[in-house]
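In case you want the letters, here they are:
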Amino acid sequence: MIKTGSVFCLILLSLSASAEDSWATVQPSYQQVNFTGFSRARHDMVLSTEVAGKVKQVFVDVGDAIPKNGKVSCLDNTFTKIDINSTVNDIEQAKIDVVYYKKQVNRYQELVKKKNVSINQLDDMLRQLATSERMEQSKRLQKQHLQETLKRHCIKSPAGWLVDERYVEPGQWLDIGSPVAKVGSYSKLLVPFALTVSELNALKAEKVLTVWLPEYKRRIPATIERISPAFDEESRKIQVDLLLERDLPVQRGGLRVDLKLKLADVAGAFLIASKALDKRFEEVWLESKNGQPVRVEFLGNAENGLVRIRSPQLKAGDQFKILQR
């Protein structure tokens, strides 16, 4: 058994739904614009030598991943090692001299007290002690310099990066600054796009940003990595880099990436349900809530029973009567 109050509520709801269904709301019209870019390494660099020498070993080739030790190539370090050994001997000799002159200074100080030697002789011993100490210090610094030079005989890169290009072969002589290899980080990819201000605003407005990889038929998430503050006056566009770091099918440059943006209709059009249009002798009208007719320009059909219209009297959110046919 249905109570009277329940029946009354159902009638009210039905009337309310019927009232809502009798009005069509003006919606902004958008157009989908497709942009195409190609992936590249997030970071890349050209490795070069800090010392001159002959290439002794090359550990990687094009396409290889840099090993954990980071070594790409090493130069012959024979002469640097010889110089280090020679410097170590000089340090030991300087240490012996320091010990000797310290003893001599102590001895001459006692002799000066007894007036058996002149103060000038003591000063000479102090000068030779200071010279030996400075020599030891100088040789230690020279050893540090040579050890650093020895490290630089091996050219290194961040582990895991990939080799884009290799420029050297074993036995080749390299001068300081000679390029050895070009390497890049492909664990995350960048995709550059050139966008207008309105296109950039549309990109920023995307709540969930995704791109399409047509070669792999896969949609993956993307984020904005950086936006250049510069402006290209010729193209009147701004450089924007998107970052791809998840769900990558492969890690390499040259992946085709399609980006779709929803832009405001350049024709200044709006969308409305086709049932709200009143066509009279090649003119199209809408009826507002206050009963006033509004003449509009019909621009064509859209999806889901909507049509594109244009009029200076329209704005998004306006409501017009749905005609009963």
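Residues numbered from 1 in each chain as written. Predicted model: local features only at pLDDT ≥ 70, side-chain atom pairs only at ≥ 80, totals over all residues. Heavy atoms only, no water.

## With respect to the pattern of salt bridges
Keep this limit in mind: Just to be clear on terms, a salt bridge is a Lys or Arg side-chain nitrogen sitting within 4 Å of an Asp or Glu carboxyl oxygen. Secondary structure elements follow DSSP: runs of H or I of four or more residues count as helices, runs of E of two or more count as strands, with numbering from the N terminus. The cut-offs for exposure are 20% and 50% of the maximum accessible area for each residue type, with area from a 1.4 Å probe on protein chains only; residues under the lower value are buried, those over the upper are exposed, and the others partly exposed.
Within this structure, the stated rule accounts for 20 salt bridges. In this structure, Glu283 and Arg295 form a salt bridge, with 3.6 Å as the shortest nitrogen-oxygen distance. Of the two residues, Glu283 sits in strand β18 (residues 283-287) while Arg295 sits in strand β19 (residues 293-301), which places them twelve residues apart along the sequence. Residue classification places Arg295 among the partly exposed positions, given a relative accessible area of 48%.

## Observations regarding helix α3 (residues 119-151)
This is how it is decided: Helix span, as expected, comes to 1.5 Å for every residue beyond the first. Contacts are residue-level and defined by heavy atoms, with any inter-residue pair within 4.5 Å sufficient.
Given a rise of 1.5 Å per residue, 33 residues ought to cover 48 Å, and the 49 Å separating the end C-alpha atoms of α3 matches this to within 8%. Residues Leu122, Met125, Gln128, Leu129, Ser132, Glu136, Lys139, Leu146 and Thr149 constitute the buried set of α3. On the buried face of α3, the contacting elements are α2 (78-113).

## Comments concerning the sheet that holds strand β20 (residues 306-310)
Here is the rule we go by: Note on pairing: DSSP must find at least two bridges between two strands before they are called paired.
Overall, antiparallel pairing links the six strands, which are arranged β2-β16-β20-β19-β18-β17 in an open sheet. Looking at which strands have only one partner, the edges of the open sheet turn out to be β2 (27-28) and β17 (278-280). Where β2 and strand β16 (residues 270-273) come together, two bridges link them in antiparallel fashion. Along β16, the bridge assignment pairs Gln27 with Leu271.

## Concerning the sheet that holds strand β5 (residues 53-58)
Strands belonging to one sheet form pairs held by backbone hydrogen bonds; the direction of such a pair is parallel or antiparallel. An order of β7-β6-β5-β9 is seen for the four strands of this open sheet, with the pairing classed as antiparallel. Strand pairing shows two members of the sheet lacking a second neighbour, β7 (154-156) and β9 (173-174), which therefore form its edges. For β5 and β9, the ladder comprises two bridges, and the chain directions are antiparallel. Bridge pairing links Lys54 to Trp173 in β9.

## Here's the deal with the nonpolar core
Our working definition: Throughout this description, the term nonpolar core refers to a set of buried Ala, Val, Leu, Ile, Met, Phe, Trp, Tyr and Cys residues connected via side-chain atoms within 4.5 Å.
Residues Phe193, Leu203, Val211, Leu242, Leu244 and Leu259 are the most contacted members of the largest nonpolar core, which totals 25 residues. Sorting the residues of this core by element identifies β10 (179-195), α4 (197-205), β11 (210-213), β14 (238-244) and β15 (256-264) as the ones contributing at least two each. At five residues, the largest contribution of residues to this core is made by β10. What Val211 contacts, discounting residues up to four positions off in sequence, is Arg218, Arg219, Ile220, Ala222, Leu242, Leu244, Val257, Asp258 and Leu259.

## Digging into the packing of α2 against α3
Applicable threshold: Axis definition: a line fit to C-alpha positions, over the contact stretch in the case of helices; interaxial angles, taken between N-to-C directions, run 0 to 180 degrees. Angle categories: roughly parallel below 35 degrees, roughly antiparallel above 145, roughly perpendicular from 65 to 115, and oblique for all the rest. Here a crossing is taken to be left-handed if its near helix is turned anticlockwise relative to the far helix by less than a right angle, and right-handed if that turn runs clockwise. Side-chain classes are defined by residue name, with Ala, Val, Leu, Ile, Met, Phe, Trp, Tyr, Cys and Pro counting as nonpolar, Asp, Glu, Lys and Arg as charged, and the others, Gly among them, as polar.
Between α2 and α3, the shortest axis-to-axis distance is 8 Å and the interhelical angle comes to 160°. By the angle between their axes, α2 is roughly antiparallel relative to α3. Judged by the twist between their axes, the crossing of α2 over α3 is left-handed. Split by residue class, the contact of α2 with α3 holds 17 nonpolar, ten polar and eleven charged.

## Remarks on the environment of Gly160
For Gly160, the location among the structural elements is in the loop between β7 and β8 (162-166). Residue classification places Gly160 among the partly exposed positions, given a relative accessible area of 46%. Through-space distance from the C-alpha of Gly160 to that of Asn116 is 73 Å; in sequence the pair is 44 residues apart. The residues contacting Gly160, other than those within four sequence positions of it, are Ala65 and Ile66.

## Side note on α2
Here α2 contains 36 residues, and its C-alpha end-to-end distance of 53 Å stays within 8% of the 52 Å for a straight helix at 1.5 Å per residue. Among the residues of α2, Thr80, Ile84, Thr87, Ile91, Ala94, Val98, Tyr101, Gln104, Val105, Tyr108 and Leu111 are the ones counted as buried. Contact partners of the buried residues in α2: α3. Lys115 occupies a position one or two residues after α2 and carries a positive phi of about 60°.

## Digging into the packing of aromatic side chains
Short version of the rule: Each Phe, Tyr or Trp ring, with Trp reduced to its six-membered ring, pairs with another whose centre is within 6.5 Å; inter-plane angles below 30 degrees give stacked pairs, above 60 give edge-to-face pairs, and intermediate values give tilted ones. Whether a charge sits over a ring depends on NZ of Lys or CZ of Arg being within 6 Å of the ring centre and within 35 degrees of the ring normal.
Counted according to the given criterion, the structure contains one aromatic pair. With 5.1 Å between their ring centres and 70° between their planes, Tyr100 and Tyr101 make a pair best called edge-to-face. Lying across the ring of Phe298, Lys279 places its NZ or CZ 4.8 Å from the centre. One residue, Lys289, lies across the ring of Trp23, its end atom 5.4 Å from the ring centre.

## Comments concerning the state of the cysteines
To keep things clear, this is the line we draw: The disulfide criterion is simple: two cysteine sulfur atoms within 2.5 Å.
Scanning all chains against the criterion turns up one disulfide. There is a disulfide in this structure between Cys74 and Cys154, and the S-S distance comes to 1.9 Å. On the sign convention where negative is left-handed, the bridge of Cys74 and Cys154, at about 105° about the S-S bond, is right-handed. Within this pair, whereas Cys74 is found in strand β6 (residues 71-75), its partner Cys154 is found in strand β7, the two being separated by 80 residues in sequence.

## Things to note about the environment of Val33
Structurally, the position occupied by Val33 is in strand β3 (residues 30-38). Put simply, Val33 and Leu259 are 226 residues apart on the chain and 8.2 Å apart in space, counted from C-alpha to C-alpha. Once you skip the residues sitting within four places of it in the chain, Val33 turns out to touch Leu259, Lys260, Leu261 and Leu263.

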